[in-house]
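# Results of the structural survey
Next come the chains, spelled out residue by residue.
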Amino acid sequence: MIYCPATVTLELTNACNLRCKHCFSFAGESFADELSYEEIRRVLKELQDMGTMEIDFGGGEPFLRPDLLEVLDATQSLDFEIVLLTNGTLIDDAKASRLSDYSIKHVQISLDGLSNAHERLRGKGTFEPAITAMEALRDHGIKFAVRTTATRESLGDLKDLADIAVEKGAYKFGVVRFFPAGRGMAYMDDLMLNAVEMSTLHRTILNIYKIYGHKIEITADPCGSFEGDIFQKLRESGTIMCPCAKTWCLIKPNGVVSPCEIMTFYAGNVRKNKIQTIWENAPIFKLFREFKPELLKGACGTCKHKGVCGGYCRALAILHSGDIYSEDFTCYHVMKKML
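Residues numbered from 1 in each chain as written. Predicted model: local features only at pLDDT ≥ 70, side-chain atom pairs only at ≥ 80, totals over all residues. Heavy atoms only, no water.

### Describing the overall build of the protein
Quick note on the threshold: Under the scheme used here, helices are H or I runs from DSSP no shorter than 4 residues and strands are E runs no shorter than 2 residues, and both carry numbers assigned from the N terminus. Our radius of gyration is a C-alpha quantity, and the globule rule it is checked against amounts to 2.2 Å times the number of residues to the power 0.38. Residue burial is assigned from relative accessible area. The probe radius is 1.4 Å, only protein chains are included, and a residue is buried under 20% of its type maximum, exposed over 50%, and partly exposed in between. Contacts were defined at the residue level, with two residues in contact if any of their heavy atoms lie within 4.5 Å. Values of accessible area rely on a 1.4 Å probe in the Shrake-Rupley scheme; residue burial ignores everything except the protein chains shown. In this count, Lys and Arg are taken as positive residues and Asp and Glu as negative ones, while His and the chain termini are left out. By convention, the point assigned to a charge is CZ for Arg, NZ for Lys, CD for Glu and CG for Asp.
Looking only at helices and strands, the protein features 15 helices and 10 strands. What you see for the protein is a C-alpha radius of gyration of 19 Å, in line with the 20 Å of a compact globule of 339 residues. Each of the 339 residues in the protein was classed as buried or not, and the buried ones make up 56%. Pairs at least 24 apart in sequence give 70% of the contacts found in the protein among residues at least 6 apart. Taken as a whole, the protein presents about 14,700 Å² of accessible surface, with 51% of it coming from carbon and sulfur. Of the side chains in the protein, 40 bear a positive and 44 a negative charge, and the two mean positions are spaced by 5 Å.

Right under this line is the structure:
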């Protein structure tokens with residue numbers, strides 16, 4: 001099978017104005033060796049030659065990259081679809097106006113609960129600026145998506161967050177469970193959903209889809225249960241839903257390439273090798289591509305959904321057990337055995 005990185009996430013900087021408790025990459029201070037503008041231009045051209053269609057710019061916080069607009073110029077000149085992944089706190093009317101000069105597919109704004117839950121994760125004074133960013137983007141005709149990480153505290157806020165997304169004009173609302181990775185490892189006991197809460201999350205997602213699925217795109221964590229219209233495409237896909245190393249990869253601010261963002265696996269560095277060489281030859285990419293759902297262990301091994309779920313996040317399995325085939329301890333079907 002031939003694999004192509006149709007979408008690539010490029011973290012422009014590790015610098016961030018926030019210190020979110022659930023951050024995978026410990027973002028905060030910039031790396032001393034972050035890729036230069038010229039290096040990014042070269043990598044973008046290499047990706048164009050490989051057939052990449054979409055570049056998702058993240059961080060850290062991409063709006064802290066001083067030459068962000070120049071990077072967007074270079075990206076647009078190569079006809080990529082552009083997505084910006086941001087906490088939203090640095091987007092005001094002026095920045096939204098500048099962004100309207102570009103053909104941006106969408107801007108993803110993180111909103112992880114109503115004010116109390118969101119700010120407990122992301123810091124005091126971060127909720128209203130995210131709302132302001134949505135309004136500014138909407139007013140300048142820029143599509144935006146709202147992405148929510150469901151934690152114990154924010155679980156009851158999800159319907160209200162969907163209401164906000166629709167009211168503010170989002171084209172998409174997405175929900176995913178909290179992942180105990182990166183900085184989140186230290187807050188696992190406080191943030192990670194238990195079996196009862198995972199069941200509640202699944203029911204809440206199905207209800208949100210029932211209410212708003214005809215108005216905006218809803219993407220959601222299956223919570224180990226793929227029933228319902230919202231997961232129909234996944235059920236019919238015939239392949240596991242994780243795109244890592246197959247249609248997607250990550251490039252860190254310092255050029256390190258990884259098949260996953262939850263946990264950084266060293267596949268190579270674009271300063272040392274062409275991205276195509278890394279994509280085609282890195283052993284860690286081969287490991288992800290040759291993953292066999294039928295070898296999953298525990299509850300995942302007997303689950304009827306393993307052909308599409310694939311044990312959900314295999315990086316978490318490696319991070320917490322050292323075994324790519326161990327059962328997904330964050331899944332409802334695994335956690336319910338402990339009740």
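### Some details on the environment of alanine 96
Structurally, alanine 96 can be placed in helix H3 (residues 93-99). Given the relative accessible area of 0%, alanine 96 is considered buried. Each C-alpha atom, one on alanine 96 and one on arginine 138, is 8.8 Å from the other, the two residues being 42 residues apart in sequence. When near neighbours in sequence (up to four residues on either side) are disregarded, alanine 96 contacts Ile91, Ala136, Leu137, His140 and Ile142.

### Some words on the nonpolar core
Generally speaking, a soluble globular protein has its nonpolar side chains buried in company with each other. Condition: As used here, the term nonpolar core means buried Ala, Val, Leu, Ile, Met, Phe, Trp, Tyr and Cys residues forming a set that is joined through side-chain atoms within 4.5 Å.
In this structure, Phe173, Leu201, Ile251 and Phe285 are the most contacted members of the largest nonpolar core, which totals 101 residues. Look past the residues within four positions of phenylalanine 173 in its chain and what remains in contact with it is Val146, Thr148, Leu158, Leu161, Ala162, Ala165, Ile208, Ile216, Glu217, Ile218 and Thr219. Core analysis: the second largest hydrophobic core is formed by 5 residues, Cys16, Leu18, Cys23 and Ala27 among them.

### Topic: the packing of aromatic side chains
The description of an aromatic ring pair rests on the distance of the ring centres and on the angle between the ring planes. Defined as follows: Note on aromatic contacts: the rings of Phe and Tyr and the six-membered ring of Trp form a pair at centre separations within 6.5 Å, being stacked when their planes are under 30 degrees apart, edge-to-face when over 60 apart, and tilted otherwise.
One pass over the full model with this rule turns up 6 aromatic pairs. Where phenylalanine 24 meets phenylalanine 179, the ring centres are 6.0 Å apart and the plane angle is 50°; that geometry is what we call tilted. Pair noted here: phenylalanine 24 is in the loop between strand S1 (7-11) and helix H1 (37-50) and phenylalanine 179 is in the loop between strand S6 (172-177) and helix H7 (188-191), with a separation of 155 residues, a long-range link. Taking relative accessible area as the criterion, phenylalanine 24 reaches 23% and is therefore assigned partly exposed. Geometrically, the ring pair formed by phenylalanine 265 and phenylalanine 288 is edge-to-face, given 5.5 Å between the ring centres and 70° between the ring planes. Residue phenylalanine 265 is located in the loop between strand S9 (256-258) and strand S10 (268-269), and its partner phenylalanine 288 is located in helix H11 (residues 283-289); the two are separated by 23 residues in the primary sequence.

### Things to note about the pairing of strand S4 (residues 104-110)
On any regular strand, side chains alternate: one points to one face of the sheet, the next to the other face. Convention followed: Look down the strands so they point away from you; if the path from the first strand over the helix to the second goes clockwise, the crossover is right-handed. A strand pair is defined by DSSP finding two or more bridges across the two strands.
Counting buried positions over the 7 residues of S4 gives 6, a clear majority of the element. In this fold, the crossover linking strand S3 (residues 81-86) to S4 by way of H3 has right-handed handedness. With 4 bridges joining them, S4 and strand S5 (residues 144-150) adopt parallel strand pairing. Across the sheet, residue serine 110 finds its bridge partner in S5, namely arginine 147.

### Here we look at the environment of threonine 13
Going by this rule: Here a polar contact is taken to be a pair of N or O atoms separated by no more than 3.5 Å, where protein atoms must pair a possible hydrogen donor with a possible acceptor and residues adjacent in sequence count only if both atoms sit in side chains.
Tracing the backbone shows threonine 13 in the loop between S1 and H1. For the pair threonine 13 and glycine 58, spaced 45 residues apart in sequence, the C-alpha separation works out to 7.7 Å. Non-local contacts of threonine 13, meaning those with residues more than four positions away in its chain, are made with Ser30, Glu34, Gly58, Gly59, Gly60, Glu61, Arg65 and Pro253. Within the structure, the side chain of threonine 13 is placed 3.0 Å from the backbone nitrogen of alanine 15, a separation counted as a polar contact.

### Some details on unusual backbone geometry
With omega at 15°, the peptide bond leading from glycine 59 into glycine 60 counts as cis. Structurally, the position occupied by glycine 60 is in the loop between strand S2 (54-58) and helix H2 (68-77). Look at aspartate 79: it is not a glycine, yet its phi comes out positive at around 65°. When you line up the elements, aspartate 79 lands in the loop between H2 and S3. Residue classification places aspartate 79 among the exposed positions, given a relative accessible area of 69%. Notably, cysteine 223 is not glycine yet its phi reads approximately 60°, a positive angle. Mapped onto the elements of the fold, cysteine 223 is located in the loop between strand S7 (217-220) and helix H9 (232-237). For cysteine 223, a relative accessible area of 1% gives the class buried.

### Things to note about the side chain of threonine 7
Structurally, the position occupied by threonine 7 is in strand S1. Apart from the residues within four sequence positions on either side, threonine 7 is in contact with Glu54, Asp56, Thr247, Trp248 and Cys249.

### Re the pattern of salt bridges
Keep this limit in mind: Criterion for a salt bridge: a side-chain nitrogen of Lys or Arg within 4 Å of a carboxyl oxygen of Asp or Glu.
Counted by the stated rule, this structure contains 20 salt bridges. Glutamate 46 is the salt-bridge partner of arginine 42, the closest N and O atoms lying 2.9 Å from each other. Residue arginine 42 and its partner glutamate 46 are both found in helix H1; the two are separated by 4 residues, about one turn of the helix. Taking the relative accessible area as the measure of exposure, arginine 42 reaches 33% and is therefore partly exposed. According to the relative accessible area criterion, glutamate 46 is buried, its value standing at 12%. A salt bridge links glutamate 327 to lysine 337; the nearest nitrogen and oxygen atoms lie 3.2 Å apart. Of this pair, glutamate 327 sits in the loop between helix H14 (314-321) and helix H15 (332-335) while lysine 337 sits in the segment after H15, placing them 10 residues apart in sequence. Overall, the relative accessible area of 24% leaves glutamate 327 in the partly exposed class. Several salt bridges share partner residues, and in doing so they unite Glu54, Glu81 and Lys105 into one network.

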